[in-house]
Amino acid sequence: MSEFLKPGRLIRFALVGVSTAVLFLLLVFLLHESLGINVVVASTTACIATLVYNYNLHYRWTFRASAPHGQAMLRFLVMSGCSVIINAILMYAATEVFVVHWLVAQISTGAVMVAWNLVLSSLWVYRE
């Protein structure tokens, strides 16, 4: 069985992901609905803000990484930078081009981001 499909790892990944998603959505809601910031800017800001939380939990708990922090962090930042760009493009397309409600757009975009992050984290980011 592929390492990233092992049930224990998938459960840990899901728990970290759900807690990150809740934090992320709360930040988007606060920034967009409460403070009136543009949804693309709010979403991108929330994405960046949750990176430190997500990295630490995945490094220490989900993947129990043995890769040195410098290597894993650099790879995580590359993956996350790409994630921020993908998130912004998908959110822009959904909300500005297709005029989808921001929450529906963000949930759909989130599904793409989960798949992207699981595969890259398992196969590249946390490996030595």
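Residues numbered from 1 in each chain as written. Predicted model: local features only at pLDDT ≥ 70, side-chain atom pairs only at ≥ 80, totals over all residues. Heavy atoms only, no water.

Trainee: Where do I start with the overall build of the protein in this structure?
Mentor: Secondary structure summary: the protein contains 5 helices and 0 strands in total. Seen in sequence order, the protein has helices and strands lined up from the N terminus as α-α-α-α-α. Computed over its C-alpha atoms, the radius of gyration of the protein comes to 15 Å, within 12% of the 14 Å expected for a compact globule of 128 residues. Judged by the C-alpha coordinates and their principal axes, the protein covers about 40 × 25 × 20 Å. Taken over 128 residues, the protein has a buried fraction of 38%. For the protein, long-range pairs separated by at least 24 residues make up 68% of all intrachain contacts whose partners lie at least 6 apart in sequence. When the accessible area of the protein is evaluated, it comes to approximately 7100 Å², of which 74% is carbon and sulfur surface. The distance from the centre of the 7 positive side-chain charges to the centre of the 4 negative ones in the protein is 17 Å. (Helix = DSSP H or I, 4+ residues; strand = E, 2+ residues; numbered from the N terminus. Rg over C-alpha atoms; globule rule 2.2 N^0.38 Å. Buried < 20%, exposed > 50% of the residue type's maximum accessible area, 1.4 Å probe, protein only. Contact = heavy atoms within 4.5 Å. Areas by Shrake-Rupley, 256 points an atom, 1.4 Å probe, with all protein chains shown as cover. Lys, Arg positive; Asp, Glu negative; His and termini not counted. Charge placed at Lys NZ, Arg CZ, Asp CG, Glu CD.)

Trainee: Where do I start with the layout of surface pockets in this structure?
Mentor: Rolled over the atoms, a probe with the dimensions of a water molecule shows which regions are left empty. As a volume, the largest pocket reaches approximately 620 Å³. Around the largest pocket, the lining comprises 25 residues; the ones closest to its centre are Thr20, Gly110, Met113, Val114 and Asn117. When contributions to the lining of the largest pocket are tallied by element, the ones reaching two or more residues are helix 1 (7-34), helix 3 (51-62), helix 4 (69-97) and helix 5 (102-125). (1 Å grid on protein atoms, 1.4 Å probe; cavity = no way out; pocket = protein on both sides within 12 Å on 5 of 7 lines; lining within 4 Å. Points joined across faces, edges and corners; volume = space filled by probe spheres on them.)

Trainee: Can you help me understand helix 3 in this one?
Mentor: Given 3.6 residues to a turn, an α-helix orients residues that are three or four positions apart in the same direction. Taken together, the buried positions of helix 3 are Leu51, Asn54, Tyr55, His58, Tyr59 and Thr62. Buried residues of helix 3, seen end-on, are gathered within an arc of 125° and therefore sit on one face of the element. More than 90 degrees from the buried face of helix 3, the exposed residues found are Val52 and Arg60. Positioned one or two residues after helix 3, Arg64 has a phi angle of 45°, which is positive. (Arc of directions from axis to C-beta.)

Trainee: I would appreciate a short explanation of the environment of Val78 in the present structure.
Mentor: With respect to the helices and strands, Val78 occurs in helix 4. Counting along the chain gives 47 residues from Val78 to Val125, while the straight-line C-alpha distance between them is 9.0 Å.

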